[in-house]
Amino acid sequence: MPKQDTHIIGLDLGTTRTTAVIADTGDDGRPEIMGLGVAESQGLRKGVVVNPDAAAEPIRRAIEEAERMSGLIAESVYVSMSGTLLKGLNNRGIIAVNNSDRKINRGDIKRVIDTACVISLPGGHEIIDVQPQEYIVDGQDGINDPLGMLGTRLEVSVHIITGPITVRQNIITAVNRAGLLVSDVILEPIAAAESTLTADEREYGSAVINIGGETTSLAIYQRSAVMHTAIFPLGGSHFTNDIAFGLRTPIPEAERIKRSYGCVLASMALAESGDSIEVPSVSRRPPRTLSREILCEILQPRAEEILGHIDDEIKRAGFERQLSSGIILTGGGAMIAGLPELAEQIFDSPTRVGYPLNVSGTTENVNNPIYASAIGLVLIAHRGGAHHFNNVAGQNGKRLGSAAARMKEWLGKMF
Ligand SMILES: Nc1ncnc2c1ncn2[C@@H]1O[C@H](COP(=O)(O)OP(=O)(O)O)[C@@H](O)[C@H]1O
Ligand SMILES: [Mg+2]
C-alpha cells in the first residue's frame, strides 16, 4: 500500500515550468525527496493562471512523473503563487489577555493575528497569506512563540499578502482539474527563501531574489521573519527577447544562445574572449558568427535594469545597508553567467546563488537552484508553517476517490 500520511507534495507553478516534488517525512524529521516531475507550463501569464484548463495538463504530467519516480500517490499539494497583483504589507494587532491562569493560549494567538488582519481591501481582493513577524508580551519584544507565556497584553506584527480573489481561485481550479486538492497556496519567493536561507541569513538580514521567466520576486528577511515582499513583471524571457531582437535570430535560438553563452558582465566575457558564437538568421540568410562580448553588451543593460528595480525596492522599503547576510539569487533566470558578480556590484552586498538546503534524497538532481521553490513548499508544509485550505469552497477532487486507480494507471503505463 502506498503511504498516505507521511509524504508532502510541493507544486511550483511557474510561468515557464511546472515542477512537482514528493517528499517523505518519515524517519529523521528531515524531508527526503522521493520524486521529481517537470513539465513546460501552459495557461500562465506573468506568474498568474489565466487559463486553468491549459495549466492543468502540465500539472498532471509533472505530478505523474513524480508519482512514478517515488511510487507514492499525490492527493493534496502545496502550490506556489506569483504575479504582480499580489501585494505585501505590514500590520500590527493588539489584544488584552484575561485568562484565569494569565497564560497566553492558542486562542489568544489566533485572536491577535485576526486583529492584525483587519485591513481595508479593494473590492474583489482577499488576504492570501499572513506571516507573523514577532510577538510582544507586556512590552517585551522579539518573541517568536508566546504560547504559554504569562501576560496581560499581547501584540503581534505580521506581513500580509493580498491579491485579487481570482488569483488563488484560478490556481485551485487548475489543480483540481488535474485531479488534486490544494493544501495551501504560498508566495513563491517565500517558498524559495525557505529552502535556500540559513538560519543566520534569516536572522541577520538577507534578500532572496527569485528570477523566473516573466516575473522576478523579492522577499526580505530579518530577525527570522518575512519583512517585505514584492513581485516585478521582468524575468529571464526579457533576456531571450533582447537576444532575438539584437541578433535577429528566432526565439528558440536566442534561448539556446542565452543558456550556452549568455553572460551579464562584459568584463567577464572579455577575460574569456576567443569564444565565438554561431547565430542562425531568420528567413533564409546564412548564419553569422559573433563574439561573446557582443552578446554581453546586449544582456548587461537588461540585468542592470532588473536588479536596479529590486535595489530601488529594497531602499524604498528601508532595508538599505541592513542586509548584512547579503543577497541570494534563485530561479531559472539566476543561472545566467555573471549575475552574482553583477548583483554584488549593484547591491554592494555579498551575493550567492541559492541551492536547496535541509533536504536529503535519492534524487540528487534536485540539488539545483531551479528547484528551490518546489522544495521550499515541502519544507514550509513540514514545519507546519502553512494554513490548510482543504475545505476551500469550490475544491473539486472528483478524481481523488480513485487514487488506487491512478496508481494502477501509471503502473499500467510502465509495464
Ligand atoms: N542555464 C540557464 N541560463 C540562463 N537562463 C536560464 C537557464 N536555465 C533557465 N533559464 C531561464 O530561466 C527562466 C525560467 O525560470 P523558472 O524559474 O523556471 O521560471 P518560472 O518561475 O517562470 O517558471 C527562463 O527565462 C529561462 O530562459
Ligand atoms: Mg518560478
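Before any of the text, the structure's been laid out above.
I will try to describe carefully the structure that is included in this document. Everything numeric here is computed off the predicted structure, so don't read it as measured data. (Residues numbered from 1 in each chain as written. Chains lettered and ligands numbered in written order. Predicted model: local features only at pLDDT ≥ 70, side-chain atom pairs only at ≥ 80, totals over all residues. Heavy atoms only, no water.)

A few points about the overall build of the protein chain
When you go through the protein chain residue by residue, the secondary structure sums to 12 helices and 19 strands. By the burial criterion, 54% of the 415 residues in the protein chain qualify as buried. For the protein chain, the exposed surface amounts to about 18300 Å²; the carbon and sulfur share of it is 50%. (Helix = DSSP H or I, 4+ residues; strand = E, 2+ residues; numbered from the N terminus. Buried < 20%, exposed > 50% of the residue type's maximum accessible area, 1.4 Å probe, protein only. Areas by Shrake-Rupley, 256 points an atom, 1.4 Å probe, with all protein chains shown as cover.)

With respect to helix H1 (residues 52-70)
When the terminal C-alpha atoms of H1 are compared, their 26 Å separation across 19 residues agrees well with the 27 Å that a helix rising 1.5 Å per residue should span. When H1 is considered as a whole, its buried residues turn out to be Pro52, Ala54, Ala55, Ala56, Pro58, Ile59, Ala62, Ile63, Glu64, Ala66, Glu67 and Ser70. Remark: Gly71 follows H1 within two positions and exhibits a positive phi of approximately 70°. (Expected span 1.5 Å × (residues − 1).)

Points about the environment of Pro233
The residue Pro233 is located in the loop between strand S14 (225-232) and helix H6 (236-247) in this model. As for Pro233 and Gly213, which are separated by 20 residues in sequence, their C-alpha atoms are 9.4 Å apart. Excluding residues within four positions of it along the chain, Pro233 makes contact with Lys46, Thr84, Glu214 and His238. (Contact = heavy atoms within 4.5 Å.)

Structural notes on the sheet that holds strand S8 (residues 125-137)
Spatially, the 4 strands line up as an open sheet ordered S7-S10-S8-S9, and their pairing is antiparallel. Whereas interior strands pair on both sides, the edge strands pair on one side only; in this sheet they are strand S7 (87-96) and strand S9 (140-143). Put simply, the sheet's adjacent strands are angled 35° from each other on average, direction ignored. Sheet analysis places S8 next to S9, joined by 2 bridges and oriented antiparallel. Of the residues in S9, the one forming a bridge with Tyr135 is Ile143. Strands S8 and strand S10 (153-164) of the sheet are contacted by helix H3 (residues 165-177), whose axis makes an angle of about 75° with S10. (Pairing = 2+ DSSP bridges. Axes fitted to C-alpha atoms, helices over the stretch in contact; angles between N-to-C directions.)

Things to note about the pattern of salt bridges
As enumerated under the stated definition, the model contains 18 salt bridges in all. Across the pair Arg302 and Glu305 runs a salt bridge whose closest N-O atoms are separated by 2.8 Å. Pair noted here: Arg302 and Glu305 are both in helix H9 (residues 292-316), with a separation of 3 residues, about one helical turn. Given the relative accessible area of 19%, Arg302 is considered buried. Take Glu305: its relative accessible area is 32%, and that puts it in the partly exposed class. The structure contains a network of salt bridges with shared partners spanning Glu57, Arg60 and Arg61. (Salt bridge = Lys/Arg side-chain N within 4 Å of Asp/Glu carboxyl O.)

Considerations on the pairing of strand S12 (residues 206-211)
By the criterion of burial, S12 is predominantly enclosed, with 6 of the 6 residues buried. In S12, alternate side chains face the same way, and those of Ser206, Val208 and Asn210 on one face and Ala207, Ile209 and Ile211 on the other are all buried. Across 6 bridges, the pairing between S12 and strand S13 (residues 216-222) is antiparallel. Bridge pairing in S13 links Asn210 to Ser217. The loop that links S12 with its antiparallel partner S13 comprises 4 residues.

Topic: the environment of Arg17
Mapped onto the fold, Arg17 is located in strand S2 (residues 17-24). Expressed as a C-alpha distance, the spacing of Arg17 and Ser41, which sit 24 residues apart in the sequence, is 4.7 Å.

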